[in-house]
Amino acid sequence: MSNHQVRALLAVSFLTLLVPVAGARGEQILLSKYDIDDAVLSGHGNWAHTYSGTITPGASFVNFVNGRLGTYRGGGGTLTDGVIGSTLQTSQLFVTPQATDGTVIRPVITFFLDAVFTLDTIDLYGGDIPNNGIPGELTGVTVTLVTPDLSVVSHAFQTTPFGTVQNTLGSLVNDRVVLGGSPLEGIAATRVILSDFIGTNSNWFSLTEVQMFGNRVSVTPIPEPTSLVLMGTGLLALIGARPVRRRWMGRSSRLTLSETFRNEPQGA
Ligand SMILES: [Ca+2]
């Protein structure tokens, strides 16, 4: 074996060491709170859920029975309480893409992470309700990662059923999103947005718990514009009236975030 071949072999071996083990899962990420656009208020179709944040009721609709949309902000509840529900009263019912009266309904759920993470897995638990056909019918979802500097990266995923409980249609009631090998692999995020849910029974799907796994990333916090303005004021006082370079002006991706979604998520 020539020296060149040895060097190439060593390089390949080193790279192999750097590649994460397939299927390896990082730590479970604490989801401190979540917002929802186009939630269906608790009680529709006798399904119930809890939410601790503010709930702003929206349009009424008819989807076989009466229902009402709501905008949820700044709280936690059924989706992150650590309980895998086994009843209609412990799993949140969603409607998409539209109700039977034609009302367009596009749920968007924004999860706020307690730190910066790269994600490897998102588990969507539908509810261990074997005598119902709604949990587990999801087949796809779009995942959007919001980075610490508020740029966004999205990818549409097909989900993989997992677990042991089947619904009345024979589908496993849980669905998994694997980010490894996707364009979202290795991207550091502070928020995770789920939207464009595909796969329903009639036009319903359900979630009783959402769990995310990944690796904690160490980053230098980026000052918010307000603190930069304050810092700029202090600098101006120190150095007179010389203009201060406003490096945050380059963060045009902030526009992308609010343009992508109708309401920019609040909080962290
Ligand atoms: Ca739960």
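The structure this text deals with has already been given above.
Every chain is numbered on its own, with residues counted from 1 as its sequence reads. Residue-level local features of this predicted model are given only where pLDDT is at least 70; pairs of side-chain atoms are given and counted only at 80 or more, and the full residue set underlies all totals for whole chains, interfaces and linings.

Overview of the overall build of the chain
Stated formally: Here a helix means four or more residues in a row that DSSP labels H or I, a strand means two or more in a row labelled E, and each is numbered from the N terminus. Partly exposed residues are those falling between the two cut-offs: more than 12 but fewer than 20 other C-beta atoms within 10 Å of their own, whereas 20 or more means buried and 12 or fewer means exposed, with C-beta atoms placed from the backbone. Placing C-beta atoms from the backbone, we regard two residues as in contact once those atoms come within 7 Å.
When helices and strands are tallied, the chain shows 3 helices and 13 strands. Counting across all 268 residues of the chain, residues that qualify as buried make up 33%. By sequence separation, contacts in the chain at least 24 residues apart represent 74% of the contacts at least 6 residues apart.

Some remarks on unusual backbone geometry
The peptide bond linking Thr-96 to Pro-97 adopts the cis configuration, its omega dihedral lying at 0°. One can find Pro-97 in the loop between strand S5 (92-95) and strand S6 (108-125). Despite not being glycine, Asp-38 shows a phi value in the positive range, around 60°. Inspection of the secondary structure assignment puts Asp-38 in strand S2 (residues 31-40). By the C-beta count within 10 Å, which is 22 here, Asp-38 ends up buried. In the Ramachandran plot, Phe-64 falls in the positive-phi region, its phi being about 65° despite a non-glycine side chain.

Describing the environment of Lys-33
Within the secondary structure, Lys-33 is located in strand S2. Taking the number of C-beta atoms within 10 Å as the measure of exposure, Lys-33 has 21 and is therefore buried. Considered as a pair, Lys-33 and Gly-76 are 43 residues apart in the sequence and their alpha carbons are 4.8 Å apart.

Considering the pairing of strand S8 (residues 152-158)
The following threshold applies: What makes two strands pair is DSSP finding at least two bridges between them.
Sheet analysis places strand S7 (residues 140-146) next to S8, joined by 7 bridges and oriented antiparallel. Paired with Thr-144 across the strands is Ser-154, a residue of S8. If you look at the hairpin formed by S7 and S8, you'll find 5 residues sitting between the two strands, and Leu-150 has a positive phi there, around 70°.

By themselves these figures say nothing about function.
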